[in-house]
Amino acid sequence: MDQDTVAKAFVDHYYQTFDSNRAALGRLYQDASMLTFEGAKIQGAPAIVAKLTSLPLQQCAHAISTIDCQPSGPTGGILVFVSGSLQLGGEQHSLKFSQMFHLIPMPQGSFYVLNDIFRLNYA
């Protein structure tokens, strides 16, 4: 699969899972993984899942606007940059966000998230 196809498939899976069953995102991270969420750094899959599941977003829906990707390093990594909006349940206006993922290939052919940086975009 080419990097654009991998990036699109990953983004679709990540946000569908985030919006429906956030705890299941733990399978995408490993102990070395790091999430920076609005400036706060969280390391390791269990801590990342704890952070994501503790967010006060009981009902949310992501709408993706753009997906950009680049190859990263000689081992087949992929940098994925996402922009979009986040609609919270009961809220009239959506929030704009940007998120970057550094995907690392695993021997069985799938990828895990080594780095994940999330920011809301305030205008």
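Structural data are supplied above this passage.
The structure displayed is predicted, hence computed values, not measured ones.

(A) Local environment of empty space enclosed by the protein. Within the structure shown, the criterion is met by one cavity of 30 Å³ or more. Within this model, the largest cavity holds a volume of roughly 90 Å³. Only helix 1 (3-20), strand 1 (29-37) and strand 6 (111-121) provide two or more residues apiece to the lining of the largest cavity. A per-element tally of the lining of the largest cavity places helix 1 first, with three residues.

(B) Region of interest: the sheet that holds strand 5 (residues 95-105). What the six strands build is an open sheet, ordered 2-1-6-5-4-3; its pairing is mixed. Lying at the two open borders of the sheet, with one neighbouring strand each, are strand 2 (40-43) and strand 3 (60-72). Each strand axis lies, on average, 15° off the axis of its neighbour in the sheet, ignoring direction. Summarising the sheet, strand 1 and strand 2 pair through four bridges and their orientation is antiparallel. Bridging across to strand 2, Leu 35 finds its partner in Ile 42. Across the face of the sheet, helix 2 (residues 45-54) comes into contact with strand 1 and strand 2 while running at roughly 40° to strand 1.

Cut-offs applied
Residues numbered from 1 in each chain as written. Predicted model: local features only at pLDDT ≥ 70, side-chain atom pairs only at ≥ 80, totals over all residues. Heavy atoms only, no water. 1 Å grid on protein atoms, 1.4 Å probe; cavity = no way out; pocket = protein on both sides within 12 Å on 5 of 7 lines; lining within 4 Å. Points joined across faces, edges and corners; volume = space filled by probe spheres on them. Helix = DSSP H or I, 4+ residues; strand = E, 2+ residues; numbered from the N terminus. Pairing = 2+ DSSP bridges. Axes fitted to C-alpha atoms, helices over the stretch in contact; angles between N-to-C directions. Contact = heavy atoms within 4.5 Å.

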